[in-house]
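Analysis of the macromolecular model
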Amino acid sequence: MILKCLNCREKIVENIKYKKLIRVSSDSKFFKPDGKIACCIKCGLIQKVINKKYLSEIKKIYKNYEMYKITKGDDQRLSGGLETRARRITKIIKKNLNLKKNGYLIDIGCGTGGFLKEFGNEFKAWQLYGYDINKKNHKHLKKIKNFIKLYTQKPNNTFNLISIIHTFEHVTDHFSFFNFIKSISNKNSKIFIQIPNFKNSTYDILIADHVTHFDKRTILSTLKKFLNIEYYSEEIDKEISIVGTIKNNFENKKKIISSYYIKSKSKLNERIQYFFNLKKLLSNTKNKIYVYGTTIASSWITGNFRSKIKGYIEDDLRKINKTFYGKKIVNLKHLNEKKDHIFLPFNTEVIKKILLKNKKAKYKFLYLNDKKYN
Ligand SMILES: [Zn+2]
């Protein structure tokens, strides 16, 4: 069977080392290894191999999905800060989109409504709608002011703003996804998309239900087929944000001119090697460790080294004294500088910030720098 690229339909080539790595689901639970990842020989898009086994795995993940369990459905805070992702996105939209006072917003893959709530606080006269694969989170959504309806089927109307936040990377068929978006847009509808940035979202390839792993080049070559792109930004750490309007006629693969395979493939190889190096580092560590954070990366470390973990560290006060995989979540200042070893499962930028912030303290930090990409 020849495997084909989700973006340009060219051949994709698998990296066979990946299947040895434990994976995580995007709601932060570790997940069995044996996944398949590949790189397109033309456009360079890094993507999971979509076959029957993969589709049944992601179906299972979505069936058991629990977002932000520790904080009872509240939106995730961005690393190092106390501002939520939803708040930052609202700011970007306010600054760059020139929205009217009134309008209709639909959030695709709305989850518990973190973004709808934050957007509604800023744009008080807008009517808010959500779309998701099931009605599980309706109880959270209906508490949001100006929330009108949760759709699980295609709506029959159009919206002024369509937000697609951490959803597009789950999509296994781009054409039918954008046909759906087209059916709920008009020519003036603004489409806001946010996805993880492969460049500095180090742990992203380990997320089983993330189908695609985009960087600037591959997301633009993917979206240009469907959207007139008006705005591109990497201003939120580890994320790419894009705004556009829907194209009248979708374009085919012909738009992709130059090859990005060699560079993209080597980035993927390096990233996979990073996790083997990380496993080696932690295997060689004799001490028990505290892991900084309680998200995807910490779940992956737990999946690999559960018996080595003493507890978890959080800046987010809502999580202190709660548990993660049965171990207590504490604040950094509660640790013993002389005794406790702390593992930082982050990209190099975030590691630098944490080291700088704690440079006077003598914490025993353990980490592995990721390679820097352009
Ligand atoms: Zn391709």
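Residues numbered from 1 in each chain as written. Predicted model: local features only at pLDDT ≥ 70, side-chain atom pairs only at ≥ 80, totals over all residues.

1. Section: the overall build of the protein chain
Along its length, the protein chain carries 9 helices and 19 strands. Whereas a compact globule of 374 residues would reach a radius of gyration of roughly 21 Å, the protein chain reaches 21 Å, a difference of no more than 12%. Considered along the principal axes of its C-alpha atoms, the protein chain spans approximately 60 × 50 × 35 Å. (Helix = DSSP H or I, 4+ residues; strand = E, 2+ residues; numbered from the N terminus. Rg over C-alpha atoms; globule rule 2.2 N^0.38 Å.)

2. Observations concerning the nonpolar core
Of all hydrophobic cores here, the largest spans 87 residues; its most connected members are Val24, Leu105, Ile106, Ile162, Ile164, Ile191 and Trp300. What Val24 contacts, discounting residues up to four positions off in sequence, is Lys29, Phe30, Phe31, Leu206, Ile207, Ala208, Ile296, Ser299, Trp300 and Gly303. (Core = buried A, V, L, I, M, F, W, Y, C linked by C-beta atoms within 7 Å. Buried ≥ 20, exposed ≤ 12 C-beta atoms within 10 Å, placed from the backbone. Contact = placed C-beta atoms within 7 Å.)

3. Some points on the sheet that holds strand 13 (residues 239-246)
What the 7 strands build is an open sheet, ordered 8-7-6-9-10-13-12; its pairing is mixed. Looking at which strands have only one partner, the edges of the open sheet turn out to be strand 8 (147-151) and strand 12 (227-233). The sheet shows a mean angle of 20 degrees between the axes of neighbouring strands, taken without regard to direction. Here 5 bridges tie strand 6 (residues 104-108) to strand 7 (residues 127-131), and the two strands are oriented parallel to one another. The partner of Ile108 across the bridge, within strand 7, is Tyr131. (Pairing = 2+ DSSP bridges. Axes fitted to C-alpha atoms, helices over the stretch in contact; angles between N-to-C directions.)

4. Focus on unusual backbone geometry
Despite not being glycine, Arg9 has its phi angle at roughly 70 degrees, a positive value. Structurally, the position occupied by Arg9 is in the segment before strand 1 (12-15). Phi at Tyr325 is positive, roughly 45 degrees, even though this residue is not glycine. With respect to the helices and strands, the residue Tyr325 is situated in the loop between strand 16 (323-324) and strand 17 (327-330). For Tyr325, a count of 17 C-beta atoms within 10 Å corresponds to the partly exposed category.

5. Description of the packing of helix 2 (residues 85-96) against helix 3 (residues 114-122)
With their axes 9 Å apart at the nearest point, helix 2 and helix 3 run at an angle of 45 degrees to one another. Relative to helix 3, helix 2 is oriented oblique. With respect to the hand of their crossing, helix 2 and helix 3 are arranged in right-handed fashion. Along the contact surface, helix 2 presents Ala86, Arg87, Ile89, Thr90 and Lys94, while helix 3 presents Gly114, Phe115, Glu118, Phe119 and Glu122. (Parallel < 35°, antiparallel > 145°, perpendicular 65-115°, else oblique. Left-handed = near helix turned anticlockwise from the far one by under 90°.)

6. A few points about the sheet that holds strand 17
Taken together, 6 strands build an open sheet; the order of strands is 16-17-15-14-18-19 and the sheet is mixed. In this open sheet, the two edge strands, each paired with only one partner strand, are strand 16 and strand 19 (364-366). Sheet topology places strand 14 (residues 289-292) next to strand 18 (residues 341-343); 3 bridges connect them, and they run parallel. The partner of Ile289 across the bridge, within strand 18, is His341.

7. Focus on the confidence of the model for the protein chain
When pLDDT is averaged along the protein chain, the result is 91, and 93% of the positions lie at 70 or above. In the model, residues 70-74 has pLDDT below 50 throughout and makes 12 contacts with residues more than four positions away in sequence or in other chains. (pLDDT = per-residue confidence, 0-100.)

8. Some details on helix 2
Taking 1.5 Å of rise per residue, the 12 residues of helix 2 would be expected to cover 16 Å, and the 17 Å separating its terminal C-alpha atoms lies within 8% of that figure. At the C-terminal side of helix 2, Asn98 shows a positive phi close to 55 degrees. (Expected span 1.5 Å × (residues − 1).)

9. Examining the environment of Ile296
For Ile296, the location among the structural elements is in helix 8 (residues 296-305). Taking the C-beta count within 10 Å as the criterion, Ile296 has 24 such neighbours and is therefore assigned buried. C-alpha of Ile296 to C-alpha of Ile46: the two residues are 250 residues apart in sequence and 19 Å apart in space. Setting aside chain neighbours within four positions, we find Ile296 in contact with Val24, Ser28, Tyr203 and Ile207.

10. Description of the pairing of strand 9 (residues 161-165)
Burial analysis of strand 9 places 5 of its 5 residues in the buried class, the great majority of the element. By the alternation rule, side chains of strand 9 split into Leu161, Ser163 and Ile165 and Ile162 and Ile164, which are all buried. Where strand 6 and strand 9 come together, 4 bridges link them in parallel fashion. Residue Leu105 lies in a different strand from strand 9, and its bridge partner there is Leu161. Bridge count between strand 9 and strand 10 (residues 190-196): 5 bridges; the pairing is parallel. Looking at strand 10, one finds that Ile162 is bridged to Ile191. In this fold, the crossover linking strand 9 to strand 10 by way of helix 5 (residues 174-183) has right-handed handedness. (Right-handed = clockwise from strand over helix to strand, strands pointing away.)

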